[in-house]
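Okay, here's what each chain looks like letter by letter:
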Amino acid sequence: MSKLAAFGGTAAVPRDRRRVQWPLVEEEDRKAVLDALDGARLVSDTDGVNPVSDLEENWARRFGFAHCVAVSNGTAALALALSALDVGPGDEVIVPALSFIATGLAPVHQMAVPVFADIDPVTFNIDPDDVERRITPRTKAIIPVHLHGAPADMDRITAIARKYGLAVVEDAAQAPGATHRGRPVGGIGDAGAFSLQVSKNIPTCGEGGLLVTRDPELAEAMRCGRQFGEVIEAGRERDYVSYGLGWNYKMNALQAAFTNAQLDRYDGYERARQHNVTGFLARLAQLPGLQVPTALPDTTHAWHILRFRFDPAAFGLDGVRPEALRSALRRLLRAEGVPMSQYQLMPLPDQKVFVDRVGFGAGYPWSVTGARGTVAGAGYPVTRAVIADSLTIQKRHLHPGAGELLGMYADAFEKVWANKDMVATLARAAS
């Protein structure tokens with residue numbers, strides 16, 4: 001049995017192999033950005049073809065969307081979609097209790113109240129049964145998140161939406177390329193929002209976002225909203241008239257050019273990622289007490305983030321708190337060179353902005369509906385259990401050449417599991 005690195009043994013992952021570049025910046029990315037910089041169309045409101053309109057067309061064609069609207073970031077995409085669907089003061093929007101903060105803030109930006117629903121314990125996505133329980137006469141929309149790249153149960157969600165006459169805005173920030181029953185996520189509901197932030201599977205050189213929809217009128221409303229409520233038409237001189245409420249949510253040409261170059265290499269990257277990640281997870285699935293992320297039948301998982309759950313009882317540690325086992329494993333695996341992290345430290349409803357109703361003025365939008373603020377520590381048992389007993393791996397596995405590194409990670413997991421007595425000692429001490 002190999003001695004654990006935390007106690008003086010040799011780490012499974014050598015220090016010189018731990019740093020992994022993402023995104024990969026190749027010569028074609030640099031050339032695309034320089035070409036855009038040398039061009040005359042650095043913003044999306046110029047007449048004619050420009051790098052932003054190129055990206056919109058290429059994204060729609062690659063993934064099979066009818067309309068694509070490029071915006072400044074994924075958070076802006078969510079808020080703009082809700083605005084175009086007339087979500088506003090007095091409305092409620094159901095969102096998952098486990099997600100990035102932007103999912104919960106987007107309704108507040110429209111003066112609507114986020115209503116949190118619990119999640120599924122396997123996919124970590126919003127639980128359709130809990131969604132239906134939380135619908136009220138004020139509910140206007142649902143935002144399912146395809147968390148970590150795993151498609152949400154869109155059949156159930158869209159059926160509930162039709163039953164109650166609700167809009168569906170997919171938060172696909174972490175899931176470009178993921179599919180649900182052969183359909184690309186983002187294009188199943190009324191609108192879909194993607195993020196191109198530098199950490200994403202398909203990145204830009206900083207921040208960026210995309211909106212997709214099959215509805216031409218909704219696409220036009222989103223285009224209008226991203227630029228001050230103006231109508232920008234090919235061949236028509238800009239009149240600087242705001243025909244409705246709008247924002248400055250435009251993407252610039254350099255961001256678009258960079259993502260266009262990345263999109264050209266996406267298929268090769270994705271094939272390598274699927275091969276590397278599924279092989280890695282197959283090894284880890286053999287370890288007792290470890291639940292690996294899973295692609296459900298008829299879905300394609302984008303593997304943006306890998307979340308692992310740890311079961312003390314299945315590990316042979318009855319009576320040990322999940323947090324204690326998680327803490328022990330995090331310490332030991334990180335010492336071996338596996339960058340385990342505790343992504344999302346609390347359910348969204350526990351975030352101070354929602355507990356204290358930090359919105360606009362005197363507690364808006366909550367005061368519009370008479371809704372109470374959330375109570376920290378209350379409800380959402382599945383979300384709380386997942387946060388308590390899980391750790392994640394981020395970014396390193398996105399590199400198409402990460403197969404060998406993931407093999408070392410698997411070696412590290414197996415090494416730690418081979419030292420279960422030491423894990424048990426640390427976990428019981430923490431518990």
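Preceding this paragraph is the structure being described.
Note that residues are indexed from 1 along each chain, following the sequence as it is written. Local features in this predicted model are restricted to residues whose pLDDT is 70 or higher, and side-chain atom pairs enter the listing and the counts only when it is 80 or higher, whereas totals over whole chains, interfaces and linings include all residues. Where side-chain values are given, they derive from all heavy atoms of the structure, hydrogens and water being excluded.

Caption draft 1: Geometry of the overall build of the chain. Numbering of helices and strands runs from the N terminus, with a helix taken as a DSSP run of H or I at least four residues long and a strand as a DSSP run of E at least two residues long. Helix and strand counts for the chain stand at 16 helices and 13 strands. It is over C-alpha atoms that the radius of gyration is taken, and the globule rule equals 2.2 Å times the number of residues to the power 0.38. Over its C-alpha atoms the chain spans a radius of gyration of 23 Å, differing by no more than 12% from the 22 Å that the globule rule assigns to 431 residues. Taken along its principal axes, the extent of the C-alpha atoms in the chain is 75 × 55 × 40 Å. Whether two residues are in contact is decided by their heavy atoms, any of which lying within 4.5 Å being enough. Considering only contacts within the chain whose residues lie at least 6 apart along the sequence, 71% involve residues at least 24 apart. Accessible surface for the chain amounts to roughly 17700 Å². Of this, 51% is attributable to carbon and sulfur atoms. Within this scheme the basic residues Lys and Arg register as positive and the acidic residues Asp and Glu register as negative, but His and the chain ends are omitted. The location of each charge is read from NZ of Lys, CZ of Arg, CG of Asp or CD of Glu. Between the mean site of the 46 positive side-chain charges and the mean site of the 49 negative ones, the chain shows a separation of 7 Å. Accessible areas in this description were obtained via Shrake-Rupley with a 1.4 Å probe; residue shielding takes into account the shown protein chains only.

Caption draft 2: Summary view of the nonpolar core. Nonpolar core, defined: a set of buried Ala, Val, Leu, Ile, Met, Phe, Trp, Tyr and Cys residues in which side-chain atoms within 4.5 Å join the residues together. The buried label applies to any residue whose accessible area, calculated with a 1.4 Å probe on protein chains only, is under 20% of its type's maximum; exposed applies above 50%, and partly exposed to all values in between. The biggest cluster of nonpolar side chains holds 49 residues, and the ones touching the most others in it are Leu-211 and Met-222. With residues near it in sequence (within four places) discarded, Leu-211 still touches His-67, Cys-68, Val-69, Val-71, Ala-77, Leu-80, Ala-81, Gly-192, Ala-193 and Met-222. Counting residues in hydrophobic clusters, the runner-up holds 40 residues, among them Leu-4, Val-277, Val-338 and Met-340.

Caption draft 3: Examining the sheet that holds strand β13 (residues 390-394) more closely. Any two strands with at least two DSSP bridges between them are considered paired. Across the sheet, three strands lie side by side as β10-β12-β13; this open sheet has antiparallel pairing. At either margin of the open sheet sits one strand with a lone partner, and together these are β10 (290-291) and β13. Judged from the two bridges that link them, β10 and strand β12 (residues 305-310) form a sheet pairing that is antiparallel. Paired with Leu-290 across the bridge in β12 is Phe-310.

Caption draft 4: Geometry of unusual backbone geometry. For the peptide bond that leads from Trp-22 to Pro-23, omega is 5°, which places it in the cis range. The amide bond that connects Tyr-364 to the next residue, Pro-365, takes the cis arrangement and shows omega of 10°. Position of Pro-365 among the secondary structure elements: in the loop between α12 (352-355) and α13 (366-369). Despite not being glycine, His-148 has its phi angle at roughly 65°, a positive value. Note on placement: His-148 falls in the loop between β4 (139-142) and α6 (154-164). Look at His-148 and you get buried, because its relative accessible area is 2%.

Caption draft 5: Fine view of the pairing of strand β9 (residues 209-213). For β9, the buried fraction is high: five of the five residues fall into the buried class. Alternating positions in β9 separate into two faces, Gly-209, Leu-211 and Thr-213 on one and Leu-210 and Val-212 on the other, with burial throughout. In this structure, strand β1 (residues 67-71) lies alongside β9, joined through five bridges in antiparallel fashion. Its bridge partner lying in β9, Cys-68 is registered against Val-212.

Caption draft 6: Structural detail: the packing of aromatic side chains. Classification of ring pairs rests on two measures: the distance between centres of Phe, Tyr or Trp rings, Trp counted by its six-membered ring, which must be within 6.5 Å, and the angle between planes, read as stacked under 30 degrees, edge-to-face over 60 and tilted in between. This structure, assessed with the given rule, holds 15 aromatic pairs. Between Phe-280 and Phe-308, the aromatic rings sit 6.3 Å apart at their centres with planes inclined by 85°, giving edge-to-face as the arrangement. Here the residue Phe-280 occupies a position in helix α9 (residues 266-284), and Phe-308 occupies one in strand β12, the gap between them amounting to 28 residues. Each of the two residues, Phe-280 as well as Phe-308, counts as buried. Ring-pair connections join several aromatic residues into one group, and the members of that group are Phe-280, Phe-308, Phe-310, Phe-315, Tyr-409, Phe-413 and Trp-417. The rule for a charge over a ring is simple: NZ of Lys or CZ of Arg within 6 Å of the ring centre, and within 35 degrees of the ring normal. We note Arg-307 situated over the ring of Phe-124; from NZ or CZ to the ring centre the distance is 5.8 Å. Taking the ring centre of Phe-315 as reference, the NZ or CZ of Lys-420 above it sits at 4.8 Å.

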